[in-house]
Amino acid sequence: MIQIYIDADGCPVKDETYKVAARYQIKVYVVANKYLTVPLTPLVEMVVVPGKFDAADDWIVEKITNRDIVITADILLAERCVKKQARVMGPKGNEFTEDNVGMAVANRELMENLRHMGEMRGGPAPMDKKARSQFLGKLDQLIQALKR
């Protein structure tokens, strides 16, 4: 059975995920360190994980299987989930795989160092319609692949 786990703190595509999951009748776990408002439906469950900084990440990694989809912008969480053979995607529709997650982690560390040295400021570009469309297409594609 396919399930979707959303690393919900700051996730900009929760509503899109709910709509796609409802179409396929897939359970969605919205995981965060504090309560967030979610649709009142049995298909969406809010999971509040109190505790240390990575408690929500740890909960997700503990629960996922190779039949699940994880949505996260956290590259270190993505790496952990890929190692458990879950399908992992970012909010802009990029899939993390064994082939590319190592490069994503290295790039994250490089950018962190550049920001620390003052060479770079800011974060990723904001979500736009194109990114949301890419996300929806990729989520649909992953669900179709897991259903086979």
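Above this text you will find the structure in question.
Small disclaimer: the values here were computed from a predicted structure and weren't measured.

S.K.: Lay out the environment of Cys11 with the relevant residues and their values.
M.R.: With respect to the helices, strands and loops of the structure, Cys11 is situated in the loop between strand E1 (3-7) and helix H1 (14-24). Here Cys11 falls in the buried class, since its relative accessible area comes to 11%. In this structure the C-alpha to C-alpha distance between Cys11 and Val30, which are 19 residues apart in sequence, comes to 9.9 Å. Not counting residues within four places of it along the chain, the set of residues in contact with Cys11 comprises Ile6 and Ile71.

S.K.: Explain the environment of Tyr24 residue by residue, including any values.
M.R.: Mapped onto the elements, Tyr24 comes out in helix H1. Note on Tyr24: relative accessible area 17%, which makes it buried. Not counting residues within four places of it along the chain, the set of residues in contact with Tyr24 comprises Asp140, Ile143, Gln144 and Lys147.

S.K.: Now, about unusual backbone geometry: what can you tell me, with residues and values included?
M.R.: Although it is not a glycine, Gln25 adopts a positive phi angle of roughly 60°. Position of Gln25 relative to the elements: it lies in the loop between H1 and strand E2 (27-32). The class for Gln25 is exposed, based on a relative accessible area of 57%. If you check the backbone angles, Gln85 has positive phi at about 70° while not being a glycine.

S.K.: Describe in detail the pattern of salt bridges, supporting the description with residues and values.
M.R.: Applying the stated criterion to the full structure yields 8 salt bridges. What you see here is one network of salt bridges that share partners, running through Lys52, Asp58 and Arg80.

S.K.: Quick one: what's the story with the pairing of E2, residue by residue and with numbers?
M.R.: Along a regular strand, successive side chains alternate from one face of the sheet to the other. Summarising burial for E2: 6 of the 6 residues are buried, a large majority. Neither face of E2 is exposed, since Lys27, Tyr29 and Val31 on one face and Val28, Val30 and Ala32 on the opposite face are all buried. For the crossover that starts at E1, traverses H1 and ends in the parallel E2, the hand is right-handed. Of the pairings in the sheet, the one linking E2 to strand E3 (residues 44-48) comprises 5 bridges and is parallel in character. Bridged to Val30 within E3 is Met46.

S.K.: I'd like a rundown of H1, residues and numbers included.
M.R.: Note that an α-helix has 3.6 residues per turn; residues three or four places apart therefore point the same way. Listed as buried for H1 are Lys14, Glu16, Thr17, Tyr18, Val20, Ala21 and Tyr24. Those residues of H1 hidden inside the fold are in contact with E1, E2, E3, strand E4 (69-71) and helix H5 (129-147).

S.K.: Provide a residue-level description of the packing of aromatic side chains, including the pertinent values.
M.R.: This structure, assessed with the given rule, holds 3 aromatic pairs. Plain terms: the ring middles of Tyr5 and Trp59 are 6.1 Å apart, the flat faces sit at 55° to each other, and that makes the pair tilted. Note that Tyr5 is positioned in strand E1 and Trp59 in helix H2 (residues 55-63), a separation of 54 residues in sequence. Look at Tyr5 and you get buried, because its relative accessible area is 3%. Taken together, a centroid distance of 6.0 Å and an interplanar angle of 55° make the contact between Tyr29 and Trp59 tilted. Of this pair, Tyr29 sits in strand E2 while Trp59 is found in helix H2, placing the two residues 30 residues apart along the sequence. For Tyr29, a relative accessible area of 14% corresponds to the buried category. Pairwise contacts between aromatic rings join Tyr5, Tyr29 and Trp59 into one cluster.

Cut-offs and rules
Within any chain, residue numbers begin from 1 and follow the written order of that chain's sequence. Predicted model: local features are reported for residues with pLDDT of at least 70 only, side-chain atom pairs are reported and counted for 80 or more only, and whole-chain, interface and lining totals are derived from all residues. With hydrogens and water stripped out, all remaining heavy atoms of the structure feed into the side-chain values. Secondary structure counts use DSSP, requiring at least four H or I residues in a row for a helix and at least two E residues in a row for a strand, with both numbered from the N terminus. Residue burial is assigned from relative accessible area. The probe radius is 1.4 Å, only protein chains are included, and a residue is buried under 20% of its type maximum, exposed over 50%, and partly exposed in between. Should any heavy atoms of two residues lie within 4.5 Å, those residues are counted as being in contact. Each salt bridge in this description consists of a side-chain nitrogen of Lys or Arg and a carboxyl oxygen of Asp or Glu lying within 4 Å of one another. A clockwise course of the path from the first strand over the helix to the second, judged with the strands pointing away from the viewer, identifies a crossover as right-handed. Two strands form a pair only when DSSP identifies at least two bridges running between them. Any two rings among Phe, Tyr and Trp, with Trp reduced to its six-membered ring, count as a pair given centres within 6.5 Å; such a pair is stacked if its planes are under 30 degrees apart, edge-to-face if over 60, and tilted if neither.

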